[in-house]
Amino acid sequence: MVTPVMPTYGRTEVAFERGEGAWLIDTSGQRYLDFGAGIAVNCLGHSHPGLVKALQDQAGKLWHTSNLYQIPGQTRLAERLVANSFADTVFFGNSGAEAVECGIKMARKYHAMTGNPGRYRIITFEGAFHGRTLATIAAGAQEKHLAGFGPVVDGFDQVPFGDVDAVKAAITDQTAAILVEPIQGESGIRELPAETLHQLRALADETGVLLFYDEVQCGMGRTGKLFAHEWAGAAPDIMAVAKALGGGFPIGACMATEKAAQGMTGGTHGSTFGGNPLAVAVANAVLDEMLADGFLSDVVDNGEKLRAGLERLEISHHNKILEVRGTGLMLGFKVRGDNLALIGKLVDAGLLTVVAGDGVVRLLPPLNIGDAEIDRALDVLDQVLGEFES
Ligand SMILES: *Cc1c(COP(=O)(O)O)cnc(C)c1O
């Protein structure tokens, strides 16, 4: 018999009751160090006082009005995202997939508006993950996500990961945009070199296609810059963010230049809940922390510390760790053997991590993680790797 909750996920048995910073406490009182952060969502850990206060204050005033009215917190959030990025304008939704979907529509609309309605196709990289709507599974083009959900939404062309020549060859007079994650998360923390982003930027400029980044996972401070592509310095025309934007409250945003967004006029796109007062109150509180002096440089320091520890483990457990990957606090290591089995052992030892493709274990701790927690996580990894039969 089917479970009341539709069984689309593989879940472990653990159920959490509350959280404190980087720690989660389950229903039996057991404590776990959270190096998954709800898949890069809980950027300030659990029960952060600033976020709790922002949500509680807003909850006592107003929850929802719809986008038929002005939402001052939404205006403020958009202004702050614009002031701190390449973007001129922002559309708010509730999730990563909606943010990407908005960007897909925007890219098509841009070309339709500028006299090229036949330019609708979008080039993506193998290993991509852009969400689970019909259009975003077509963009990701992963067989395990597409199987049985056909016909596949038309308009996506996939090329090998990071292969700029293949992108060049795939661009036709039907191409609207190139959609890439500066660091692929789901497929195993795979970074695009800075040079590749610059080459894609140049190619987009030469051919008139739009460059569209999916920073749903790698954005919002995760790498130690507000947005991951800032390390390379190659800006997009469109960018999707979500996960950490609300620190655990659902919100997504599609950010764009004025030029790319020129078709997104009154009535062209919408969302009932997108950017509602509760979500934007929390997201503004997230930005209060992230934009404060020293926050992002601490992420860099914490990332270097965790990475250095992982590299030590790579040496001491060289038969089990094949490679350490990532930037800032978007880190992972490739395991010899069954990464899922190792993740299970880590849960038993009180450390939560996240599975990824290519045999990788992802480490995505809260961005405000402390030295003691990093040391603790490395100790647990050392001990569990020591006992792990790969
Ligand atoms: C998680 C993720 C998405 C989808 O976000 P949802 O909120 O689950 O819709 C899209 N792109 C990337 C890169 C992601 O990591």
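Going by the structure above, here's the rest.
A brief structural summary. Predicted, not measured: the structure shown is a model, and the values here were computed from it.

1. Here we look at the environment of Lys 345
Link 1 in the chain: In this fold, Lys 345 is placed in helix 11 (residues 339-348).
Link 2 in the chain: Exposure remark for Lys 345: the relative accessible area of 47% places this residue in the partly exposed category.
Link 3 in the chain: Each C-alpha atom of the pair Lys 345 and Ala 141 lies 31 Å from the other, and the pair is 204 residues apart in sequence.

2. Considering the packing of helix 11 against helix 12 (residues 371-387)
Link 1 in the chain: Helix 12 packs onto helix 11 with a crossing angle of 125° between their chain directions and a minimal axis gap of 10 Å. With respect to helix 12, the element helix 11 is oriented oblique. In the packing of helix 11 onto helix 12, the handedness of the crossing is right-handed. Residues Leu 342, Lys 345 and Leu 346 of helix 11 lie in contact with helix 12, whose contacting residues are Val 380, Leu 381, Val 384 and Leu 385.
Link 2 in the chain: Residue classes in the contact of helix 11 with helix 12 are distributed as six nonpolar, no polar and one charged.

3. Let's talk about the pairing of strand 1 (residues 16-20)
Link 1 in the chain: As paired strands, strand 1 and strand 2 (residues 23-26) are joined by four bridges and run antiparallel to one another. Among the inter-strand pairings, Phe 16 is bridged to a residue of strand 2, identified as Asp 26.
Link 2 in the chain: What sits between the antiparallel neighbours strand 1 and strand 2 is a turn of two residues, in which Gly 21 has the positive phi angle 60°.

4. Topic: the site of the ligand
Link 1 in the chain: As a structural note, the neighbourhood of the ligand is formed by Ser 95, Gly 96, Ala 97, Phe 129, His 130, Gly 131, Glu 181, Asp 214, Val 216, Gln 217 and Lys 243.
Link 2 in the chain: Phe 129 is positioned such that a nitrogen or oxygen atom in its backbone is 3.2 Å from a nitrogen atom of the ligand.
Link 3 in the chain: Between the ligand and the protein, one listed contact pairs a nitrogen atom with a side-chain N or O atom of Asp 214 at 2.7 Å.
Link 4 in the chain: For the ligand, the accessible surface in isolation is 380 Å², of which the surrounding protein chains cover 81%.

5. Re the sheet that holds strand 1
The strands making up a sheet associate through backbone hydrogen bonding, with each pair oriented either parallel or antiparallel.
Link 1 in the chain: Strand order in the open sheet made by the four strands is 1-2-3-15, with mixed pairing throughout. A strand with exactly one partner marks an edge of an open sheet, and here the two such strands are strand 1 and strand 15 (351-352).
Link 2 in the chain: Relative to strand 15, strand 3 (residues 31-34) is paired through two bridges, and the arrangement is parallel. Bridge pairing in strand 15 places Asp 34 opposite Leu 352.

6. What about the packing of aromatic side chains?
Link 1 in the chain: Scanning all chains against the criterion turns up two aromatic pairs.
Link 2 in the chain: Centroid distance Phe 16 to Tyr 32: 5.4 Å. Interplanar angle 85°. Geometry classified as edge-to-face. Here Phe 16, found in strand 1, pairs with Tyr 32, found in strand 3; they are 16 residues apart in sequence, far enough to count as distant.
Link 3 in the chain: Summarising the aromatic geometry, the rings of Phe 125 and Phe 161 are spaced 6.0 Å apart at their centres and angled 65° between planes, so their arrangement reads as edge-to-face.

7. Let's talk about the side chain of His 48
Link 1 in the chain: Structurally, the position occupied by His 48 is in the loop between helix 1 (37-40) and helix 2 (49-59).
Link 2 in the chain: Residue His 48 is classed as buried on the basis of its relative accessible area of 14%.
Link 3 in the chain: Only 3.0 Å separates the side chain of His 48 from the backbone nitrogen of Gly 50, close enough to count as a polar contact.
Link 4 in the chain: Ignoring any residue separated from it by four or fewer positions in sequence, one finds His 48 in contact with Glu 289 and Asn 368.

Conventions used here
- Residues numbered from 1 in each chain as written.
- Predicted model: local features only at pLDDT ≥ 70, side-chain atom pairs only at ≥ 80, totals over all residues.
- Heavy atoms only, no water.
- Helix = DSSP H or I, 4+ residues; strand = E, 2+ residues; numbered from the N terminus.
- Buried < 20%, exposed > 50% of the residue type's maximum accessible area, 1.4 Å probe, protein only.
- Axes fitted to C-alpha atoms, helices over the stretch in contact; angles between N-to-C directions.
- Parallel < 35°, antiparallel > 145°, perpendicular 65-115°, else oblique.
- Left-handed = near helix turned anticlockwise from the far one by under 90°.
- Contact = heavy atoms within 4.5 Å.
- Nonpolar A, V, L, I, M, F, W, Y, C, P; charged D, E, K, R; others polar.
- Pairing = 2+ DSSP bridges.
- Near = heavy atom within 4 Å.
- Polar contact = N/O pair within 3.5 Å; in protein donor to acceptor, adjacent residues only side chain to side chain.
- Areas by Shrake-Rupley, 256 points an atom, 1.4 Å probe, with all protein chains shown as cover.
- Phe/Tyr/Trp six-rings, centres within 6.5 Å; stacked < 30°, edge-to-face > 60°.

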